[in-house]
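# Structural description and commentary
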Amino acid sequence: MPMNLKTIRHYHAAYSQLDQKLFDRKIKLAVLTSYTSDFILPLLEVDLMQSEIRAELYKPHFNQFRQEMLNDGSGLYAAQPDITIVGFNIEDVFPIFESDPSDIAQEVLGLCESMIRSYRQFAAAKSQLFIQNWIAPIHCYDPLVRTEFSIARLIERLNRELSALAGKTPGVHVLDYARVAQQCGLERWTDPRTYYTARIPVAQEHWIALSQFYAAYIRAALGMDLKCIVLDLDNTLWGGVLGEDGIEGIRLGESYPGLPFRRFQQYLLGLYEHGYILAICSKNNEEDVFQVLRTHPSMALREKHFAAVKANWREKAQNIQEISGEINISIDHMLFVDDNPVEIEKVKLALPGITCLQIESPPLNFVRQFQELRCFGKLHLTSEDRSRGRQYFDDRQRREFKQTAGSVEDFYQSLRQRMVVYPNYQEHVSRIAQLSQRTNQFNMTTIRLTESDVVSMMGDPAYLLLTADLSDRFGDSGTIAFIQIRRSKEVWNIENFLMSCRVLGRTVEETLINYIFNRAAADGVFSVEAAYLPTKKNAPFARFYLSNGFEPAGENQYLKRVAEHKAAVSFIEIIEHEMRLENVG
Amino acid sequence: MLDKIRQIIADITQNDIAHVTRDSNSGNLSGWDSVAQINIIVSIEQEFGVTFTAEEMHTLNSVEKIVSALSAAPAPR
C-alpha cells in the first residue's frame, strides 16, 4: 500500500500499522553498530513493510558488535538471523588519530576477517552478512592533497580492501555506506548536535535515504530484484511521436532536447549490461520502430538489446502479457515504463503485480526517477548476467525461426542443440544459487539456496549437484538447469530439479532425466525418487514426474525403478564435463 | 501550533492525539523516551523550519517547553 512517507514523523505514524498487517515474508534481521542505531531502525522496518517484508529485529546495545560477532554463544547466533548488518565507525573502535595509519589498516581488516570467519562458522549457511564500509570522521584533517598520513586516504584504502575481502566469501557483502553518504552530501552527512550528544552519526535529513538504502540491500539479498523492463518509445526513449514527427523529427541526440533521452538510453544500457532484460511495448508501426532501432544514428539501444519488441496498436496489457509468456518472466518481475498516465493506469488494472513507473516530462529527471525506484540492486555479477541480454535476443530469433520451420521435429533437429552436464562443478556455485533464487516456475521444490548452501552440499559426498549448459546454432544459452540429488547406495532422491523457462519445449528436461537414469544405472542404483512441492508458481509442472514415467509414492513424492526407465526421445547431444572435480570433493 | 506539536508527538510516541495534552512530558507520556525525544525535536525542526541547540534537543522535553521555545524562536528564514 503506498503511503505518504516524506518525513520521519510519517514513518513513525506508519510504524503502528506493522502489527495489523499480514506479510508474505518474515525475516530475522540483526543490526550491530558501534553507535546508536535506534534512529534508523523504525524507519527501516517501515521501508521493509512497504516491500511486504516483516523484519524481526535483533539489536544488542551499541558497541557490542565485536563480542556478538566473534563469540559462538552470543545473543546474535542464538537469534539465528537471516541477515546481519554490521556498521562501525573506525574511530569508535581503534585509536585511529593516535596511531600509524598502516597499523590501523591491518587491525581493521583483521577484525573484519575474523568477523566474517566467525559468522560463516557460527551462523546458518544461508544467513547473509553485510559489513558497512566507512567515511572519514568529521574531525579528521583532510589536506587538499591527501598524504599517506591522512585518515581520509586510509579510509579509501580500507574501503577497497573490504570489498575484496567480502567478495571472497559467499553470502558476505559490503554495504556501501560511503556511497550513500556521498550521494546525500558528505558535507552535511553528520549533524554535530546529534553526533556529539547522542552518538548518532547521521544528520536527520538523511535518515530516510539511509533507511531506503538499507532496505534496497535487504531486498536484493532476498532475491527480490525485478528482472525485466518493458519500455514505451514515444516521449520515453525519444522525444516526440514517431508516427507524427518521423525518424528525422524525433528528439534524440547529443544536444538538447534530444540529449536527456540519449542519456536515459545509456542508463538503460547499463542495466542491460548487468543482466536486466529490456523489451519494447509501444503504440507505433512496427516497421517504423525497426527503422529507428536499426538506423537512427543516436540510438544507444539497438534491436539486439531487446528480448521482445511489441510495436502495434493493441492494448499494452495484452502485449505485456505476451512478452511475459514469450520470455518466461512473470509479471511480478516486470517494470513497465511509460509517460502516459492513462496507459499506466490501464496496465496496473489489467496486470496486478506489475511494477509501473510513469516518467514525468521534462525528461531531465528520467534517470533519477529510475534510481529512486531502487528495484535493481544487484549484489554481485555472474557471467550469466553478462550474457543474459544476448541470450534473450537469440531466443527471439529462435522463436522467429520456429515459425518458419516445418514440423516440431524438424525444428528440434535443425537447432543442433548441444548440452554439457557438470557434476559438482565448483565454478557454478554462484550460478546455482542464483538459479535457485530466481527460478519460480520450473522449480520442483523451490528450495532456495545461497552460495554457502551450495558449497556445503558440494563438500558432502552424499550429494550430486548437476548443472547443464545448453547451446545451439543461434548461440549459447549458458547454464540453464540445476538438479540436486541426494544419493544412498540403492536410492537416489531428486531433492530439486529446476530449469530456466527460456529453454522449455526443447526436450532439455527429458534429456536430463535420461542422463540421471543412465548415471544411476551405472552406479547400480535400484530406484530414483523425486519430490514436487506445489507453490503458486510451479503448478504448470505438477505432473512433470508423472509424465516422465514416475509413480506416486506418498505425499509429494514420486518413484521410478531404474530398470523400468525407457529413454525418452531427445534432440540434444549430451556431453559430460570431466569428472575429476567430483572425486576431489 | 499546539495541535501540530501534539500531532507530531502523538505520531512519534505512537499515542492517540487525545492522550497528548499541554501538560504532557517525557515523564508522563508513554513512549517519550530518549530516542523519541530526538525524533520529536528533529520533526519539530522540520515542520516549523527552526533549529535548536544541542542542549535544547535534550532539554525541550515537554509540550509546554516546546511551545515556549517555538514562540521565542525567530521566524524561519
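Given the structure is predicted, the values throughout are model-derived calculations rather than measurements. (Residues numbered from 1 in each chain as written. Chains lettered and ligands numbered in written order. Predicted model: local features only at pLDDT ≥ 70, side-chain atom pairs only at ≥ 80, totals over all residues.)

### Comments concerning the overall build of chain B
- A tally of regular secondary structure across chain B gives four helices and zero strands.
- In terms of its C-alpha atoms, chain B occupies a principal-axis envelope of roughly 35 × 20 × 20 Å.
- Counting every position in chain B, which comprises 77 residues, the buried fraction comes to 32%. (Helix = DSSP H or I, 4+ residues; strand = E, 2+ residues; numbered from the N terminus. Buried ≥ 20, exposed ≤ 12 C-beta atoms within 10 Å, placed from the backbone.)

### Comments concerning the overall build of chain A
- Helices and strands together make up the secondary structure of chain A, namely 23 helices and 18 strands.
- Computed over the C-alpha atoms, the radius of gyration of chain A is 26 Å, within 12% of the 25 Å expected from 2.2 N^0.38 for a compact globule of 585 residues.
- Summarising its shape, the C-alpha atoms of chain A cover approximately 75 × 70 × 50 Å along the three principal directions.
- Split into buried and exposed, the 585 residues of chain A put 44% on the buried side.
- Taking the contacts inside chain A whose residues are at least 6 apart along the sequence as the reference set, 71% of them involve residues at least 24 apart. (Rg over C-alpha atoms; globule rule 2.2 N^0.38 Å. Contact = placed C-beta atoms within 7 Å.)

### What about the sheet that holds strand β12 (residues 463-472) of chain A?
Residues and elements named next belong to chain A.
- Within the open sheet, the eight strands sit side by side as β16-β17-β15-β14-β13-β12-β11-β18. Their pairing is mixed. Each edge of the open sheet carries a strand with a single partner, namely β16 (551-552) and β18 (572-576).
- Note: strand β13 (residues 475-487) against strand β14 (residues 491-499), seven bridges, orientation antiparallel. When the bridges of β14 are listed, Arg487 appears paired with Trp492.
- Contacts from helix α19 (residues 429-438) reach β12, β13 and β14 within the one sheet, and its direction differs from that of β13 by about 85°. (Pairing = 2+ DSSP bridges. Axes fitted to C-alpha atoms, helices over the stretch in contact; angles between N-to-C directions.)

### Observations concerning the interface of chain B and chain A
- Listed per partner, the contact involves 13 residues of chain B and 16 residues of chain A.
- Listing elements by their share of the side of chain B that touches chain A, those giving two or more residues are α1 (2-13), α2 (34-48) and α3 (54-59) of chain B.
- The element contributing the most residues to the side of chain B that touches chain A is α2(B), with six residues.
- Of the residues contributing to the side of chain B that touches chain A, the split by class is seven nonpolar, five polar and one charged. (Nonpolar A, V, L, I, M, F, W, Y, C, P; charged D, E, K, R; others polar.)

### A short note on the nonpolar core
- In terms of nonpolar packing, the biggest core is built from 86 residues, with Val86(A), Ile131(A), Ile135(A), Tyr214(A), Tyr217(A) and Ile9(B) touching the most fellow members.
- Broken down by element, the residue count for this core peaks at nine residues, all from helix α10 (residues 207-221) of chain A.
- Counting 49 residues, the second largest nonpolar core, distinct from the first, contains Phe261(A), Leu301(A), Ile344(A) and Cys375(A). (Core = buried A, V, L, I, M, F, W, Y, C linked by C-beta atoms within 7 Å.)

### Section: α19(A)
Residues and elements named next belong to chain A.
- Counted residue by residue, α19 has seven buried out of ten residues, so it is predominantly covered.
- When α19 is considered as a whole, its buried residues turn out to be Val429, Arg431, Ile432, Ala433, Gln434, Leu435 and Ser436.
- Residues of α19 that are buried sit in contact with α17 (383-404), α20 (451-458), β12, β13 and β14.

### Comments concerning the domain arrangement of chain A
All names here are of chain A.
- Split into domains, chain A comes out as domain 1 (8-221), domain 2 (228-373) and domain 3 (417-584).
- Placing the centre of domain 1 and that of domain 3 at their C-alpha centroids yields a distance of 39 Å.
- Across the boundary between the two partners, domain 1 contributes six residues, which contact seven residues of domain 3.
- Across the side of domain 1 that touches domain 3, the residue classes break down as two nonpolar, two polar and two charged. (Domains from an automatic or database assignment.)

### Examining the environment of Ile116(A)
Residue and element names in this part refer to chain A.
- One can find Ile116 in helix α6 (residues 101-122).
- C-alpha separation for the pair Ile116 and Gly171, spaced 55 residues apart in sequence, amounts to 9.8 Å.
- Sequence-distant contacts of Ile116, defined by excluding residues within four places in its chain, comprise Leu129, Leu165, Thr169 and Val172.

### A look at unusual backbone geometry
- With an omega of 5°, the peptide bond between Tyr256(A) and Pro257(A) qualifies as cis.
- Relative to the helices and strands, Pro257(A) resides in the loop between α11 (242-249) and α12 (259-273).
- With a phi close to 60°, Gln14(B) is a non-glycine residue in the positive phi region.
- Mapped onto the fold, Gln14(B) is located in the loop between α1 and α2.

### Quick look at the environment of Tyr196(A)
- With respect to the element layout, Tyr196(A) can be found in helix α9 (residues 192-198).
- Sequence-wise, Tyr196(A) and Asn89(A) are 107 residues apart; in three dimensions their C-alpha atoms are separated by 14 Å.

### Some points on the sheet that holds strand β7 (residues 277-283) of chain A
Residues and elements named next belong to chain A.
- Taken in spatial order, the five strands make up an open sheet running β8-β7-β6-β9-β10, and their pairing is parallel. Each edge of the sheet is formed by a strand with only one pairing partner; in this case those strands are β8 (306-312) and β10 (355-358). Each strand of the sheet is rotated relative to its neighbour by a mean of 15°, with strand direction disregarded.
- Strand direction decides the pairing type here: strand β6 (residues 228-231) and strand β9 (residues 334-338), joined by four bridges, are parallel. Looking across to β9, one finds that Leu231 is bridged to Val337.
- Packed on one face of the sheet, helix α15 (residues 341-350) meets β9 and β10 and runs near 175° to β10.

### A look at the packing of helix α1 (residues 8-15) of chain A against α2(B)
- Their axes nearest at 9 Å, the elements α1(A) and α2(B) cross at an angle of 130°. Taken together, the axes of α1(A) and α2(B) lie oblique to each other. Where α1(A) approaches α2(B), its residues Ile8(A), Arg9(A) and His12(A) are matched on the opposing element by Asn39(B), Val42(B) and Ser43(B).
- Classifying every residue of the contact of α1(A) with α2(B) by side-chain character gives two nonpolar, three polar and one charged. (Parallel < 35°, antiparallel > 145°, perpendicular 65-115°, else oblique.)

### Description of the confidence of the model for chain A
- In the predicted model, chain A carries a mean pLDDT of 92, and 98% of its residues have values of at least 70.
- The low-confidence segment residues 580-585 of chain A, where pLDDT is below 50, has nine contacts with residues more than four positions distant or belonging to other chains. (pLDDT = per-residue confidence, 0-100.)

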